[in-house]
Amino acid sequence: MDRNAKFKILDAVIADEPVHRGGGQIIPTSRRVAYSAFLMATPRLMEPYLFVEVQAPADCVSAVYSVLARRRGHVTQDAPVPGSPLYIIKVFDLVYQRIQFSARRTGYGASNCRFLL
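Just so we're clear, the structure is a prediction, and the values are computed from it rather than from any experiment.

Chemist: I would appreciate a short explanation of the nonpolar core in the present structure.
Modeler: It is characteristic of soluble globular proteins that their nonpolar side chains tend to be buried jointly. Counting 9 residues, the largest nonpolar core consists of Val 52, Val 54, Ala 56, Cys 60, Val 61, Val 64, Leu 68, Ile 89 and Val 91. The residues touching Leu 68, leaving out its near neighbours within four places in the chain, are Gly 73, Val 75 and Val 91.

In structure tokens, the structure reads:
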């Protein structure tokens, strides 16, 4: 069950006889109602994103794109820096994947790239 959820009971019809309104009858029924309410509300998993700015030489841009494609990163802007051989790539990246990014950026051009959070 989800934490920090509040259910407000507005109306309830219970049996007149005390035998039929004990905790063994009410608690499992209310649990099933709560579970079905969560499922009917179309729950979804939200993943936190980071905005990352990558500065890389022009010959390393394709390597940055290939790493981001494997990691479900979304490039929002790609532009050269005027007067220098660098490119700035602005990316929305998953926080979960960001933890593993240092291991994956090894290889061609990894030492030439600079990552700004």
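Having put the structure on the table, let's press on.
Chemist: Help me understand the confidence of the model for the chain in this model?
Modeler: When pLDDT is averaged along the chain, the result is 77; 77% of the residues meet or exceed 70. Across the chain, the element-wise mean pLDDT spans from 52 in helix H4 (residues 101–104) up to 90 in strand S2 (residues 74–80).

Chemist: Would you take a moment to explain a nonpolar patch on the surface for this structure?
Modeler: A surface patch of nonpolar side chains, amounting to about 300 Å² of accessible area, comprises Tyr 49, Phe 51 and Phe 92. Here Phe 51 shows up in strand S1 (residues 49–57). On the accessibility criterion, Phe 51 (37% relative accessible area) is partly exposed.

Chemist: Sorry if this is basic, but what is going on with helix H2 (residues 61–70) here?
Modeler: The periodicity of an α-helix, 3.6 residues per turn, causes residues three or four positions apart to be oriented the same way. For H2, the complete set of buried residues consists of Val 61, Val 64, Val 67 and Leu 68. Projected down its long axis, H2 shows its buried positions confined to an angular sector of 125°, all on one face. Away from the buried face of H2 by more than 90 degrees, exposed residues Ser 62, Ala 69 and Arg 70 are located. Arg 72 sits one or two residues past H2 and shows a positive phi near 65°.

Cut-offs used in this document
Residues numbered from 1 in each chain as written. Predicted model: local features only at pLDDT ≥ 70, side-chain atom pairs only at ≥ 80, totals over all residues. Heavy atoms only, no water. Core = buried A, V, L, I, M, F, W, Y, C linked by side-chain atoms within 4.5 Å. Buried < 20%, exposed > 50% of the residue type's maximum accessible area, 1.4 Å probe, protein only. Contact = heavy atoms within 4.5 Å. pLDDT = per-residue confidence, 0-100. Helix = DSSP H or I, 4+ residues; strand = E, 2+ residues; numbered from the N terminus. Patch = residues over 30% accessible without salt bridge, like charges linked within 9 Å, V, L, I, M, F, W, Y side chains within 5 Å. Areas by Shrake-Rupley, 256 points an atom, 1.4 Å probe, with all protein chains shown as cover. Salt bridge = Lys/Arg side-chain N within 4 Å of Asp/Glu carboxyl O. Arc of directions from axis to C-beta.

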